[in-house]
Amino acid sequence: MAEVGRLFEEGEMFVPEMLIAARAMQAGMNILKPHLAEGEIVSAGKVIIGTVAGDLHDIGKNLVGMMMEGAGFEVVDLGTDVSADAFVSAVGEHGPDLIGMSALLTTTMPSMTATVEALTEAGLRDQVKVLIGGAPVTQAFADEIGADGFAPDASSATRAAKALLA
Ligand code: B12
């Protein structure tokens, strides 16, 4: 998947090819997972990922989740239309190292702000890194809402997550 990510960034591969590769990787992972659990494989970290409240777009979010799994992260996918409260409860329940939030609509970007605020109010903001992405999201917006990072695509999302948890 790292090689697929590189080819995507170079414009040699496109979203459908990435999805096919990610699906093949997931099928392989399903076979390998029980054996990995028995072995000495160390997780790269635990990630909770979701599309924010009001937003149903999940193709990019799923791709990010699959790439992260391929890179050795344990991924808990909360799905779409995830409220700030649901993110907060999931942090309490799963104790992740990082939250990944996705938004594809300019009208749902404020849900990212609300989630960061809810994490702060719950006293959990210091325990978890926040990485955001989605077509309308920018580094400037990430800075504005106090997220720890932004990435424009699935392979750089994996790199950014690794850098944040290093
Ligand atoms: C597919 C699609 C839909 C599908 C979604 C299906 C699904 N299961 O996801 C359906 C038909 C349901 C849909 C509905 C709507 N859509 Co729509 N949709 C799109 C479309 C065509 C493609 C989005 C997509 O999947 N791209 C491919 C993926 C791979 O790219 P991506 O999502 O950007 O993800 C990458 C990066 O952004 C990043 N990334 C994504 N998430 C994350 C998360 C993290 C943590 C990180 C680090 C990175 C990251 O990595 C990903 C992989 O490289 C876009 C137009 C476009 N060309 O983008 C419009 C678009 C997003 N939709 C739009 C609109 C307006 C709507 C509707 C409001 C339409 C309507 N009037 O009903 C509804 C809203 C429904 C809702 N409440 O969410 C607008 C948004 C405009 C805006 N700026 O707000 C767009 C831009 C179309 C347009 N040009 O008008 N949509």
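Further up the page is the structure itself.
Below: a short report on this structure. (Residues numbered from 1 in each chain as written. Predicted model: local features only at pLDDT ≥ 70, side-chain atom pairs only at ≥ 80, totals over all residues. Heavy atoms only, no water.)

## A few points about the nonpolar core
Thought 1: In terms of nonpolar packing, the biggest core is built from 27 residues, with M101, M112, L119, I132 and V137 touching the most fellow members.
Thought 2: The contact partners of V137, leaving out residues within four places of it in the chain, are A103, M109, M112, I132 and F150.
Thought 3: By size, the runner-up hydrophobic cluster in this structure holds 19 residues, among which are M68, F73, A154 and A160. (Core = buried A, V, L, I, M, F, W, Y, C linked by side-chain atoms within 4.5 Å. Buried < 20%, exposed > 50% of the residue type's maximum accessible area, 1.4 Å probe, protein only. Contact = heavy atoms within 4.5 Å.)

## Section: the site of the ligand
Thought 1: Taken together, 27 residues lie near the ligand, and L56, H57, D58, S102 and T106 sit nearest.
Thought 2: Between the ligand and the protein, one listed contact pairs a nitrogen atom with a backbone N or O atom of G54 at 3.0 Å.
Thought 3: For the shell around the ligand, the secondary-structure elements that each account for two or more residues are helix 3 (59–70), strand 3 (98–102), strand 4 (129–133) and helix 7 (154–165).
Thought 4: Top contributing element to the shell around the ligand by residue count: helix 3, with five residues.
Thought 5: Taken together, the residues that form the shell around the ligand break down as 15 nonpolar, eight polar and four charged. (Near = heavy atom within 4 Å. Polar contact = N/O pair within 3.5 Å; in protein donor to acceptor, adjacent residues only side chain to side chain. Helix = DSSP H or I, 4+ residues; strand = E, 2+ residues; numbered from the N terminus. Nonpolar A, V, L, I, M, F, W, Y, C, P; charged D, E, K, R; others polar.)

## What to know about the sheet that holds strand 5 (residues 149–150)
Thought 1: The five strands are arranged 2-1-3-4-5 in an open sheet whose pairing can be described as parallel. Looking at the sheet topology across the chains shown, the edges are occupied by strand 2 (73–77) and strand 5.
Thought 2: For strand 1 (residues 45–51) and strand 3, the ladder comprises five bridges, and the chain directions are parallel. By the bridge assignment, I48 is partnered in strand 3 with I99.
Thought 3: Contacts from helix 3 reach strand 1, strand 2, strand 3 and strand 4 within the one sheet, and its direction differs from that of strand 2 by about 155 degrees.
Thought 4: Against the sheet, helix 5 (residues 109–121) contacts strand 3 and strand 4, and its axis sits at roughly 155 degrees relative to strand 3. (Pairing = 2+ DSSP bridges. Axes fitted to C-alpha atoms, helices over the stretch in contact; angles between N-to-C directions.)

## As for the coordination of the cobalt atom of the ligand
Geometrically, a metal with four donors at the corners of a regular tetrahedron has ideal angles of 109.5 degrees, and one with six donors at the corners of a regular octahedron has ideal angles of 90 or 180 degrees.
Thought 1: Just one protein ligand coordinates the cobalt atom of the ligand, and it is H57 (NE2) at 2.2 Å.
Thought 2: You can see H57 is positioned in the loop between strand 1 and helix 3. (Donors = N, O, S within 2.8 Å, 3.2 Å for Na, K, Ca; no water.)

## Some thoughts on the environment of D55
Thought 1: Here D55 shows up in the loop between strand 1 and helix 3.
Thought 2: A C-alpha to C-alpha distance of 26 Å links D55 and L164, two positions 109 residues apart in sequence.
Thought 3: Not counting residues up to four positions away in its chain, the partners in contact with D55 are T80, D81, A103, L104, L105 and T108.
Thought 4: Only 2.8 Å separates the side chain of D55 from the side chain of H57, close enough to count as a polar contact.

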